[in-house]
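Residue strings, one per chain:
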Amino acid sequence: VQKNASVRASRMDDHHQTSAEQLARAHNIDLTDAPTSRQEQRDREQLKRDQEEERQAVLATILDPPARERLSRVKLVKPDKARGVEQTILNAARQGKLGKVSEKMLIDMLSTVSESGIGETKVGSITFERKKSAFDEESSDDEW
């Protein structure tokens, strides 16, 4: 009886997986990156954690303590900007263009990133323009 139940359960899993694949194809969804099992999902999460730990370890060796502290404070306020600067530092270090990064160098990098607009969301401004009426004065000399 248990064997029949497990066969039925595996058939149902196959049916649901096939249905999911058919649904994905119908909606042009790419399932190649989607985890197919909980174990695969855990493995991917573990890989991401390992990569982030490696990234932080490399940054810890490149940045001096005051620079690391400043970057962590920037990361709290503007995570995108901090991520962009981290990526710039890591790329330069991999190419051998960068040694130890001081706080002054980090400040320069942050200002360069600010000027280029990397990691910043642009917020528009609102301007109100009032329509002129027949009672409005033409000259602005008579301010109230």
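Right above here is the structure, for reference.
Below is a summary of the structure that appears in this document. (Residues numbered from 1 in each chain as written. Predicted model: local features only at pLDDT ≥ 70, side-chain atom pairs only at ≥ 80, totals over all residues. Heavy atoms only, no water.)

### Some details on the overall build of the chain
Threshold: The secondary structure listing takes helices from DSSP runs of H or I that are at least 4 residues long and strands from runs of E that are at least 2 residues long, numbered from the N terminus. Exposed residues in this analysis have more than 50% of their type's maximum accessible area, buried residues have under 20%, and partly exposed residues fall in between, with area computed by a 1.4 Å probe over protein chains only. Pairs of residues are marked as contacts when any of their non-hydrogen atoms sit within 4.5 Å. All accessible-area figures derive from a Shrake-Rupley calculation using a 1.4 Å probe, and residue coverage is judged against the displayed protein chains alone.
Helix and strand content of the chain: five helices and zero strands. When burial is assessed residue by residue, the chain has 17% of its 144 residues classed as buried. Sequence-distant contacts, at least 24 apart, represent 61% of the contacts inside the chain between residues at least 6 apart. Carbon and sulfur atoms form 52% of the exposed surface of the chain, whose accessible area is close to 12,300 Å².

### Quick notes on the pattern of salt bridges
As a reminder, the rule being used: Just to be clear on terms, a salt bridge is a Lys or Arg side-chain nitrogen sitting within 4 Å of an Asp or Glu carboxyl oxygen.
Evaluation of the coordinates by the stated rule reveals six salt bridges. Its salt-bridge partner being Glu-52, residue Arg-83 comes within 3.2 Å of it at the nearest N-O pair. One end of the pair, Arg-83, is in helix 4 (residues 79-94); the other, Glu-52, is in helix 2 (residues 38-62), and 31 residues separate them in sequence. Residue Glu-52 is classed as partly exposed on the basis of its relative accessible area, which comes to 29%. The partner of Lys-75 in a salt bridge is Glu-86, with the nearest N and O atoms 2.7 Å apart. With Lys-75 in helix 3 (residues 65-77) and Glu-86 in helix 4, this residue pair connects regions lying eleven residues apart in the sequence. Judged by its relative accessible area of 30%, Lys-75 is partly exposed. For Glu-86, a relative accessible area of 2% gives the class buried. Here the salt bridges do not stand alone but share partners, grouping Arg-55, Lys-75 and Glu-86 into one network.

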